[in-house]
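One-letter residues, chain by chain:
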Amino acid sequence: MKRETREYNYDWSIWSIVELASMTCDGSRKEYETLLKLVPNFGDALKAITNMGEPSILLMKSLAKHLKSCLTAHDEGKKIALTTFCFAPPILYAFDVVPLVLEPMAVLGTLILKRGTSEYLDYCCEAGFTETSCSSQRGSLGAYLAGLCSRPDFIICDSPGICDTNANSFSFASAYLDIPFYQLNYPPTLTDSRAAGYHRQDFRDLIGFLERQTGRKLDIDRLREIVRELKRQAELMSELTEYQRLIPCPIPGMFNLFLYSGNFLLSGTKDFTKLLHSMLRIVRANAEAGRAGTPSGRESYRGLFSYIDHYTTDLRFWTFLEKRDISHLGCILSTFWHEGAAYIGGRGDEAYVLRDESLDDLIDSLAMQTSRMPMVKSIRGPYDAPGMWLDDTLMMTKLLKADFVAYFGTIGCRNTWGMVKPYARDLERAGIPALILYSDSFDDRVQSWDAVMDKIDEFIHLRRIGAPYRPAPGS
Ligand code: SF4
């Protein structure tokens, strides 16, 4: 790692950028526009995000608060848990533990820093970790291994059985940093009683681990408060997915990023509820006016990004979609499988249900929520088994009336590379145009962003994708 990269701590740099960005709209419009000229490195990213209005400010303020809590946790006598986006954080909030989620930390660096996160990705390999692992953890893990962040106190991971490269990142980090490690395991099935019983017992053991690490007992009242907040959030998320079905789709594409960032980091907190309310206000207004969520208000194509998004610098993936009036219908990361979500359809046993009466209800609710987190739910078993990735994509495509499906991943995602070709073949057989992109969502060295744009444009053109042009009202 270059000496200059070591000059500033990674978590501090990301926090200070997000904190300052969150204050840019506190002043007048003129002040904001003057400021843009003074921050050439961050101006494009800032513009892309602040164009989303109030929700973007709320998200940035909540993120800044969360990132600061990672920096100040130890001074405030709190523990930090290094974890993954496959894990739902509410149980950590119940113990007053700060969740430090590697993948959103990598996304933030990739989106904001012009230099990207390649130095941190590569540092993991310098430290002895394999370069064939997932970039979504490595993009920030390198900074933690290099000691350029607040030191986590322990690790919780729940990807064994789902994603070996994810699980290996955390076990490597545990050995390298010499900190305790707890892993939840997932059997390849989801809905049978043995799998459900396993999830519940495993989650109870996790609570025992948290009690030992924090030296405190689980606070039932606090847990109940969090589960009630989760219920409110589930209702609001359901409303959002209902709106996603409309033609034109009234949801700005970037709201998917806001939705899953909020859920991965702030699930169960009041800040996330506020963010959901704010997004819904804009979506309802668009729906009433018959406008798409794109800046022009028009929708030319409807795309389902069936895995993850692309996080190249300055949020250029989202501005690319906006310029072409493509509605982003979500990705695997924005589907959470709460009861009442439109995509549950007739498959109620695949949803998690939140109950807040007894202690067992509360614990089971969180165990079920975690067992339905995006990757945990859909890619734990064979891609074409009931309730897995293919089934979920076919149902979402039909429900959301998608014109095409596109796959972005990471080079290390052996889990999906092993099945993505038959998966795309099966989608095509069902009449759905499917595009596999051979890029890395976190590392432009694998395939440049320009090449990715060309591939999408070529696909849309050659396959004659798209419903007829849908004009904006009044145009
Ligand atoms: S993107 Fe692929 S490799 Fe990375 S965590 Fe998800 S399943 Fe694992």
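Higher on the page you've got the structure.
Peer 1: Explain the side chain of Ser13 here, please?
Peer 2: Relative to the helices and strands, Ser13 resides in helix H1 (residues 10-23). Of note is the side chain of Ser13, whose polar atom sits 2.8 Å from the backbone oxygen of Asn9.

Peer 1: Any chance you could explain the sheet that holds strand S8 (residues 434-436) here in plain terms?
Peer 2: Hydrogen bonding along the main chain pairs the strands of a sheet, whether they run parallel or antiparallel. Overall, parallel pairing links the four strands, which are arranged S6-S5-S7-S8 in an open sheet. Strands at the two margins of the open sheet, each flanked by one partner only, are strand S6 (326-331) and S8. In this sheet, adjacent strand axes meet at a mean angle of 25 degrees when their direction is disregarded. One ladder, built from three bridges, connects strand S7 (residues 404-407) with S8; its direction is parallel. Note that in S8 the partner of Ala406 across the bridge is Leu435. Where helix H20 (residues 449-462) meets the sheet, its contacts fall on strand S5 (301-305), S6, S7 and S8, and the angle it forms with S8 comes to roughly 155 degrees.

Peer 1: I keep staring at the site of the ligand and nothing clicks. Help me out?
Peer 2: Around the ligand, the surrounding shell consists of Phe85, Cys134, Ser136, Gln137, Cys163, Thr165, Asn166, Tyr307, Met375, Ile379 and Cys413. Residue assignment for the shell around the ligand shows that the elements contributing at least two residues are helix H8 (135-145) and helix H9 (164-177). Residue composition of the shell around the ligand, by class: seven nonpolar, four polar and no charged.

Peer 1: Hey, could you run me through helix H6 (residues 102-112) in this one?
Peer 2: Since one α-helical turn is 3.6 residues long, residues separated by three or four positions face the same way. The buried fraction of H6 amounts to 11 of the 11 residues, a majority that puts the element mostly inside the structure. Every buried residue belonging to H6 is among Leu102, Glu103, Pro104, Met105, Ala106, Val107, Leu108, Gly109, Thr110, Leu111 and Ile112, and all of these are buried.

Peer 1: Is there a simple way to explain helix H19 (residues 420-429) in this structure?
Peer 2: Within H19, the full set of buried residues consists of Val420, Tyr423, Ala424, Asp426 and Leu427. Down the axis, H19 shows its buried residues gathered within 160 degrees of arc, on one side only. For H19, the exposed residues lying more than 90 degrees away from the buried face are Lys421 and Arg429. Elements in contact with the buried residues of H19: helix H17 (389-400), S7, helix H18 (414-417) and S8.

Peer 1: Hey, could you run me through the pairing of strand S3 (residues 154-157) in this one?
Peer 2: Regular strands show a simple pattern: their side chains alternate between the two faces of the sheet. Neither face of S3 is exposed, since Phe154 and Ile156 on one face and Ile155 and Cys157 on the opposite face are all buried. In this sheet, S3 lies alongside strand S1 (residues 80-83) in parallel orientation, the contact comprising two bridges. Note that in S3 the partner of Ala81 across the bridge is Phe154. The sheet contact formed by S3 and strand S4 (residues 181-183) spans three bridges and is parallel. Note on S4: the bridge partner recorded for Ile155 is Phe181. Taking the sense of rotation as the criterion, the β-α-β connection linking S3, H9 and S4 turns out right-handed.

Peer 1: What exactly am I supposed to notice about the sheet that holds S1 here?
Peer 2: Spatially, S2-S1-S3-S4 is the arrangement adopted by the four strands of the open sheet, whose pairing is parallel. Both edges of this open sheet fall to strand S2 (98-101) and S4, since each of them pairs with a single strand only. Each adjacent strand pair in this sheet contributes to an overall mean axis angle of 25 degrees, direction not counted. Summarising the sheet, S1 and S2 pair through four bridges and their orientation is parallel. Note on S2: the bridge partner recorded for Ala81 is Pro99. On the sheet, helix H10 (residues 193-214) packs against S3 and S4 and is oriented at approximately 170 degrees with respect to S3.

Peer 1: Quick question: what am I supposed to make of the environment of Pro250 here?
Peer 2: You can see Pro250 is positioned in the loop between helix H11 (220-244) and helix H12 (254-266). On the basis of relative accessible area, Pro250 is assigned to the buried category, the value being 0%. Sequence-wise, Pro250 and Leu275 are 25 residues apart; in three dimensions their C-alpha atoms are separated by 17 Å. Contacts of Pro250, omitting those with residues within four sequence positions, involve Tyr243, Val283, Asn286, Ala287, Arg291, Ala292 and Gly293.

Criteria and thresholds
Residues numbered from 1 in each chain as written. Predicted model: local features only at pLDDT ≥ 70, side-chain atom pairs only at ≥ 80, totals over all residues. Heavy atoms only, no water. Helix = DSSP H or I, 4+ residues; strand = E, 2+ residues; numbered from the N terminus. Polar contact = N/O pair within 3.5 Å; in protein donor to acceptor, adjacent residues only side chain to side chain. Pairing = 2+ DSSP bridges. Axes fitted to C-alpha atoms, helices over the stretch in contact; angles between N-to-C directions. Contact = heavy atoms within 4.5 Å. Near = heavy atom within 4 Å. Nonpolar A, V, L, I, M, F, W, Y, C, P; charged D, E, K, R; others polar. Buried < 20%, exposed > 50% of the residue type's maximum accessible area, 1.4 Å probe, protein only. Arc of directions from axis to C-beta. Right-handed = clockwise from strand over helix to strand, strands pointing away.

So, to be careful, I would describe these as geometric facts and stop short of saying anything about function.
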